[in-house]
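Okay, here's what each chain looks like letter by letter:
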Number of protein chains: 6
Amino acid sequence: MKPVVVTRVERADPAVVAALAGQGVSTVHEAMGRIGLTKPWMRPIYPGAQVAGSAITVLAQPGDNWMLHVAVEQCRPGDVLVVAVTADSTDGMFGDLLATSLQARGVVALVIDAGVRDVASLTQMRFPVWSKAISAKGTVKATLGSVNVPVVCAGALVHPGDVVVADDDGVVIVPRRDAARVAEAGAQRVANEEGKRKRLAAGELGLDIYGMREPLAKAGLRYVETLDDA
Amino acid sequence: MKPVVVTRVERADPAVVAALAGQGVSTVHEAMGRIGLTKPWMRPIYPGAQVAGSAITVLAQPGDNWMLHVAVEQCRPGDVLVVAVTADSTDGMFGDLLATSLQARGVVALVIDAGVRDVASLTQMRFPVWSKAISAKGTVKATLGSVNVPVVCAGALVHPGDVVVADDDGVVIVPRRDAARVAEAGAQRVANEEGKRKRLAAGELGLDIYGMREPLAKAGLRYVETLDDA
Amino acid sequence: MKPVVVTRVERADPAVVAALAGQGVSTVHEAMGRIGLTKPWMRPIYPGAQVAGSAITVLAQPGDNWMLHVAVEQCRPGDVLVVAVTADSTDGMFGDLLATSLQARGVVALVIDAGVRDVASLTQMRFPVWSKAISAKGTVKATLGSVNVPVVCAGALVHPGDVVVADDDGVVIVPRRDAARVAEAGAQRVANEEGKRKRLAAGELGLDIYGMREPLAKAGLRYVETLDDA
Amino acid sequence: MKPVVVTRVERADPAVVAALAGQGVSTVHEAMGRIGLTKPWMRPIYPGAQVAGSAITVLAQPGDNWMLHVAVEQCRPGDVLVVAVTADSTDGMFGDLLATSLQARGVVALVIDAGVRDVASLTQMRFPVWSKAISAKGTVKATLGSVNVPVVCAGALVHPGDVVVADDDGVVIVPRRDAARVAEAGAQRVANEEGKRKRLAAGELGLDIYGMREPLAKAGLRYVETLDDA
Amino acid sequence: MKPVVVTRVERADPAVVAALAGQGVSTVHEAMGRIGLTKPWMRPIYPGAQVAGSAITVLAQPGDNWMLHVAVEQCRPGDVLVVAVTADSTDGMFGDLLATSLQARGVVALVIDAGVRDVASLTQMRFPVWSKAISAKGTVKATLGSVNVPVVCAGALVHPGDVVVADDDGVVIVPRRDAARVAEAGAQRVANEEGKRKRLAAGELGLDIYGMREPLAKAGLRYVETLDDA
Amino acid sequence: MKPVVVTRVERADPAVVAALAGQGVSTVHEAMGRIGLTKPWMRPIYPGAQVAGSAITVLAQPGDNWMLHVAVEQCRPGDVLVVAVTADSTDGMFGDLLATSLQARGVVALVIDAGVRDVASLTQMRFPVWSKAISAKGTVKATLGSVNVPVVCAGALVHPGDVVVADDDGVVIVPRRDAARVAEAGAQRVANEEGKRKRLAAGELGLDIYGMREPLAKAGLRYVETLDDA
């Protein structure tokens, strides 16, 4: 594939993006049918951030952050920069200068399957990053990659314009065309859980609420007083 | 082994459990003779929690949290739910609804050799979890496991009713029958350390307090001014 | 190599050490020419600490912390204790008693390529530790090692008296003889970045500030509206 | 995404597939522009196999091999079965019975981002497998997945009908539409390397063959007799 | 726990042990109900060995192989030495001298959750070892452990006298009391698989042999010609 | 550090190098006092090679093999090329063309803390490589590093001219000045082990040969018939 920057990116409806941000990763992942997650090695640099935005994607070479500078120009307010690397790397490809530039353009977060540095500054700036590692290792600017091509980031396929939802549970990617449908399913799920939460808090058992006793018995589960009775 | 739920669990004396909670993991581990720890990959989802409780054990299939719902019913106030899985998994088998249910029953913590999700909510609820991973990955409810059988959780053998002690240093399992003896040994250790802490804070050296100079010399340790003298 | 304690350690100028502490790991690492970092698995036990000091080195056996007690005596105010182990280990070789002793001697931090315990106490004491693991596993005092010999700690070569800089981004080792030169280069780098930060915050692009457009075009980067145009 | 089996798969020209098989993974990866590799954790169960085939893809649940049985029916002679899992798992989802069935249908290999078992039998059968792990852990048949949808397998995006090339260096995925072009570029590369191999074997240096001396000097490389001269 | 050597070990019937050896790890694991495996990081040092024997257990300290020498004396012909360590270690605790001693006593294999060395010699001697690592790192003989106490080895609970089955798929532990029953179930499984293997080799599909089509349809699986039809 | 190639390397006596090759890694490591090993992740690409040679060192950037081409010119017959990287990388920095060039110059092996490719060809050529990974991932030639400076390779400090010993147990580095002394100590160790091997093969116990019974009893080891007696 020749290095390329794709300049036109269709984005999801901002209201849908906001709805997904509010629901959070675990709910959105369930609403999508339990797919779309990045690997659990992707962790936030500080706890408590919960965001969603449209993906601007970067395919970079390991140890080379040239294309991140290129990508900044393609970002708009509400975007999330998503960086994939052609081989495993923990190098610190991103720091507080790039974050300053992204914040100036209204970008809401970075998701990078590599390392990040200046995390104390990034925390003070409240610029959230989900990364594979924290590392001061600097990078070169020597080899081209691409911007806004489909990438695999930490095991998840991301197309430019897909909705990226991220919080303390990790990161999930919602295909742009499915975003409205997923947001609706997620809203139902949230509403549905609220009632269950109250019943559980009141001491009712999930065994009863979910009607599990019969299928468990049918599957062969036995209750015994001691293991010798088993 | 056929799937089974054992309903009768003998628990340790609550006063002993409280004593062990106060001593913390490192002290209890030393008092036991340096055994009983789970692997260091087991980490708390938020810092500062320090608990102890009686183990209710679950042996689950990877990616399947059906038996956690079954286990809730077997829990009493002061228990800790301990989940082992038959194969390595980071799936998020536990979230805020199950935590609500456990809190309603007085359970004090979860220890799970797999993933957990909804960690922002769990942190707000102050329901502490020690886990191998944080992951939004949802699970199915399709295959039976067992409740209150002996399990190996993150490398540690746990019998139902054993005392689970957990804090920022990790998790240690105290066999129920040894709990009183260990608590006593731990208390002595705490008392003993207090005196040493004061002497060390005052500038005395461990070399002198512990009488190490002679055994070090006997083992052959030499002091030289520069490496060329060695 | 015979076990030995080297008692004479030349240290860097305290003013230089202080300057390096203020610049932080990422800046110092760049100022050195992008070398000197320990592996990214070395993480602080609590966020926010930023220190520098002169290295007192320990080469210990896995699971044996005898030589740490020996090393305490060799420490002076402003030092950082650096512990390397002859084989991979996550055992908790260091806890709050040793930290009390080190604090009494004015030591500012511990860097250990193994485990640490009592992390809740260490956090309360504000004694910062960068380690490979947190583990309650206790250690024996049975086999000699050495103090103040050159060691490889988490992939980085450390000579006694080298300057250790550590913060939330990790740990970097500055050879003593290079310390003044590196501090100077780091100061220039900080000054230089300040101007760029302001321009980036004002919305200027790195592409323009760093003059990247021409080299990117020369390297063959193309801009297209859609991927079908590529 | 609803569980689905897609029955129509377009495959690449068998002559192109055979050409790619002969070139091997490293050459094909270079010919594609250094992309398309699965993660290096994917290793063959025995050395010496070198194959290529058309991908039949499976998206399975961790610990559940139901969909592999479904996928067998979709395979034709010359295909490679590619299995992705919705979450990390090392369970042994594949063994000698499934291999017998695949061999009966002319399938040439399995690529699975999970575990495999019966490896002694598979080796005797000369049925090559590239997997993430070897594990006897059995799986259930309880939850649906999909067959012949695009999947991410060990970090690589695979569409049904893409050409899978695998040897002792790992696995590379060639998009079906690029296969002929890549095979041609690979053939040129092989021819080109042959001449270089002879010159290198005769003692000529790559520095001279590739004309590196000038760019190295331009980049600032200096030759000194001892490090003190540096 | 005080260091102790338990001298009386009940062993399983040699005919049962031989039957389990012949069935291999994957079959035995299934016959037990899919439990009893050690972690998949336990790998043989050379391919092709397939053994079973009665467990003599060792609980050792990391980096210390003193108790292995003690354990040799407790071994009888047909035993397998199983070594667990109180903390993670890859040190080479076992080499060709200890293997010579074990072979002289008729021990058939070593299973060790740590490192092994002299693997070229061990391969020539045909003394099979399943280990977590290969490492030349030598160990000390300084701290006691125990022999023939229950241990957790690579995640599996092992009692002295349990039957250890090991082959290229890994290691499985069969409790002594269950051994005869498991061997019988395993034999049935082997017989049962033979018929299926022939039918699969002849081209019949598992979908039909196992009657999966109806449950798949019931679970909602749909067949479509292209993804656009989904 | 400025990029530099040091052209003058002092090498150890070839007779000493040959003696160390014959003794192998585990013996040499013990003869040195149990230091000098690289991490156990360094594994040979095929079993059975056992070599020693003088180190020519490379410090390379991750994903960039430019300096390997530079290093070839500095190699002489009997050398071992040792490659360290400034940050973790598994990229395939070395393949059969570079191996052809090294073999033409009489180089006996490669030790690389990164990836290698063309392993089938390298195996056929009998050019042994110890590496961290096998990966087809190609690299660029864009950034300078250094040749023949001291490097840390997989945790071991290597100076140019040090003796590198490698076999199936891993890799050990012998400082050039210590080589003769270590070879002598190794020879004694080999002679010493021969006698022990014969006695152990004849059924004598290490407990008796090494006189361990008394120190074990003194350390408190007790023998009991059953665990209940403990």
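Colleague: I tried to follow the relation of the copies chain E and chain C on my own but got confused; where do I start?
Modeller: Both copies of the chain are related by one operation, a rotation about an axis with a shift along it. If you rotate chain E by 180° and push it 0.0 Å along the axis, it lands on chain C with an RMSD of 0.0 Å. The operation mapping one copy onto its partner corresponds to a two-fold rotation axis. When the interface residues of chain E are mapped onto chain C, 100% of them again lie at the interface, so the same face is used by both copies.

Colleague: Teacher, can you tell me more about the interface of chain A and chain C here?
Modeller: One widely used convention gives an interface's size as the accessible area the parts lose upon coming together. Chain A puts 36 residues into the contact, and the matching count from chain C is 35 residues. In this structure, the connection of chain A to chain C is made through four salt bridges. Note that Glu225(C) is salt-bridged to Arg8(A), the shortest N-O span being 2.8 Å. Applying the counting criterion to the chain A and chain C interface returns 11 residue pairs in polar contact (both at pLDDT 80 or more). Going through the elements one at a time, β1 (4-6), α3 (66-72), α4 (96-104) and α5 (119-125) of chain A are the ones with two or more residues in the side of chain A that touches chain C. For the side of chain A that touches chain C, the class distribution of residues is 18 nonpolar, 10 polar and eight charged. As judged from the three bridges shared by β1(A) and strand β12 (residues 222-224) of chain C, these two strands associate in the parallel manner. In the strand pairing of β12(C), Val6(A) is matched with Val224(C).

Colleague: What is the right way to look at the relation of the copies chain A and chain C in this model?
Modeller: In the superposition of chain A on chain C (RMSD 0.0 Å, axial shift 0.0 Å), the rotation amounts to 120°. Those values place the two copies in the arrangement expected of a three-fold rotation axis.

Colleague: Honestly, the pattern of salt bridges in this entry has me stumped. Any pointers?
Modeller: Scanning all chains against the criterion turns up 85 salt bridges over all chains. Between Asp96(C) and Arg197(B) there is a salt bridge; the shortest N-O distance is 3.2 Å. Pair noted here: Asp96(C) is in helix α4 (residues 96-104) and Arg197(B) is in helix α6 (residues 179-201), and the two residues belong to different chains. With a closest N to O distance of 2.8 Å, Glu30(D) and Arg117(F) form a salt bridge. A residue pair is termed interchain when its members come from two chains, as with Glu30(D) in helix α2 (residues 25-31) and Arg117(F) in the loop between β5 (109-116) and α5 (119-125). Among the residues examined, Arg117(F) registers a relative accessible area of 12% and is labelled buried. Three or more residues joined by partner-sharing salt bridges are found here, namely Glu30(A), Arg34(A), Arg189(A), Glu193(A), Glu194(A), Arg197(A), Asp96(B) and Arg117(B).

Colleague: Just checking my understanding: could you explain the arrangement of the chains for this structure?
Modeller: One finds no contact between chain A and chain E; the C-alpha atoms of the two approach each other to within 14 Å at their closest. Regarding chain B and chain F, the two do not touch, and the least distance separating their C-alpha atoms is 14 Å.

About the criteria used
Residues numbered from 1 in each chain as written. Chains lettered and ligands numbered in written order. Predicted model: local features only at pLDDT ≥ 70, side-chain atom pairs only at ≥ 80, totals over all residues. Heavy atoms only, no water. Least-squares fit on C-alpha atoms with pLDDT ≥ 70 in both. Contact = heavy atoms within 4.5 Å. Salt bridge = Lys/Arg side-chain N within 4 Å of Asp/Glu carboxyl O. Polar contact = N/O pair within 3.5 Å; in protein donor to acceptor, adjacent residues only side chain to side chain. Helix = DSSP H or I, 4+ residues; strand = E, 2+ residues; numbered from the N terminus. Nonpolar A, V, L, I, M, F, W, Y, C, P; charged D, E, K, R; others polar. Pairing = 2+ DSSP bridges. Buried < 20%, exposed > 50% of the residue type's maximum accessible area, 1.4 Å probe, protein only.

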